[in-house]
Amino acid sequence: MSIDYSLLAVISCAALFAGFIDSMVGGGGLIQIPALFTMLPKELPATLFGTNKIASVFGTANAAWRYSRRVSMPWRTTLPAATAAFAFSFLGAMAVAWLPRDLLRPLILVMLVASAAYTFWRKDFGALHRPQHAGRHELVYALIVGGAIGFYDGFFGPGTGSFLIFLFVRFFGFDFLHASAASKVVNVATNLAAIGFFIPNGFYLPLVALVMAIFNIFGSVIGTQLALRHGSGFVRQVFLFVVSALIIKFALDTF
């Protein structure tokens, strides 16, 4: 495809900021997807979603790698959750054909408001890393959380990383930093599952995806360094900011 380099510059800036936000608390799709639809209105939606996923997976994988070098990763929870998320994201993608996605918007809006309210009300929420489960219970909860989020990401998607962080803090007793690190691994799995559909079917723009991936990685490096330097309290504040932005977007789209 031929593309105006000024448009590519705008999309690259969006990818940089998306990688920055996504590396800490998720929500990068809130930035990248509108930018793609605005700058490339003639492309098929599936092509833009595929391009977004390809760019995102590089930034998310970079963040996961950087976290794993500095944070004690809770692999016994993260890997089962990632495996279930990978499998169920395919089911979510298949469900798009027979479930109207717009019916989910009011429910997701309620869930986002509840997550933000709970986090704001509980001042100590996610402040300390105190894993709550072990053995079979840990595995079962990890599979349930991974499967539910994987299905959601394959079916709908926006806010996946933020939901993951909230669930890791609420149900596993992680602090926000460890929850963010774990969520990146699960998010890589869901992105790879989606890419497994988009690439074979040609739903992506190679040049745009490549440039966006590079800038997404740059943003991810900056965001991860800030999260590691300032800790869970900082990640909590960014989480509340991003979830608030998601609430506003979903409210406008719903009503």
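Residues numbered from 1 in each chain as written. Predicted model: local features only at pLDDT ≥ 70, side-chain atom pairs only at ≥ 80, totals over all residues. Heavy atoms only, no water.

Q: I'd like a rundown of the pattern of salt bridges, residues and numbers included.
A: Enumeration over the complete set of coordinates arrives at two salt bridges. Where Asp-153 meets Lys-53, a salt bridge forms, and the shortest distance between an N and an O atom there is 3.2 Å. Of this pair, Asp-153 sits in helix α6 (residues 135-155) while Lys-53 sits in helix α3 (residues 45-70), and the two are 100 residues apart along the sequence. We note that Asp-153, like Lys-53, is buried. With its nearest N and O atoms 3.9 Å apart, the salt bridge here joins Glu-138 to Arg-76. Here Glu-138 is found in helix α6, whereas its partner Arg-76 is found in helix α4 (residues 75-95), with 62 residues between them in sequence. Its relative accessible area of 8% is what places Glu-138 among the buried residues. (Salt bridge = Lys/Arg side-chain N within 4 Å of Asp/Glu carboxyl O. Helix = DSSP H or I, 4+ residues; strand = E, 2+ residues; numbered from the N terminus. Buried < 20%, exposed > 50% of the residue type's maximum accessible area, 1.4 Å probe, protein only.)

Q: Give me the side chain of Ser-162: which residues, what numbers.
A: Relative to the assigned elements, Ser-162 resides in helix α7 (residues 160-172). On the accessibility criterion, Ser-162 (1% relative accessible area) is buried. Residue contacts for Ser-162: discarding those within four places in its chain leaves Val-25, Gly-26, Gly-27, Phe-239, Val-242, Val-243 and Leu-246. (Contact = heavy atoms within 4.5 Å.)

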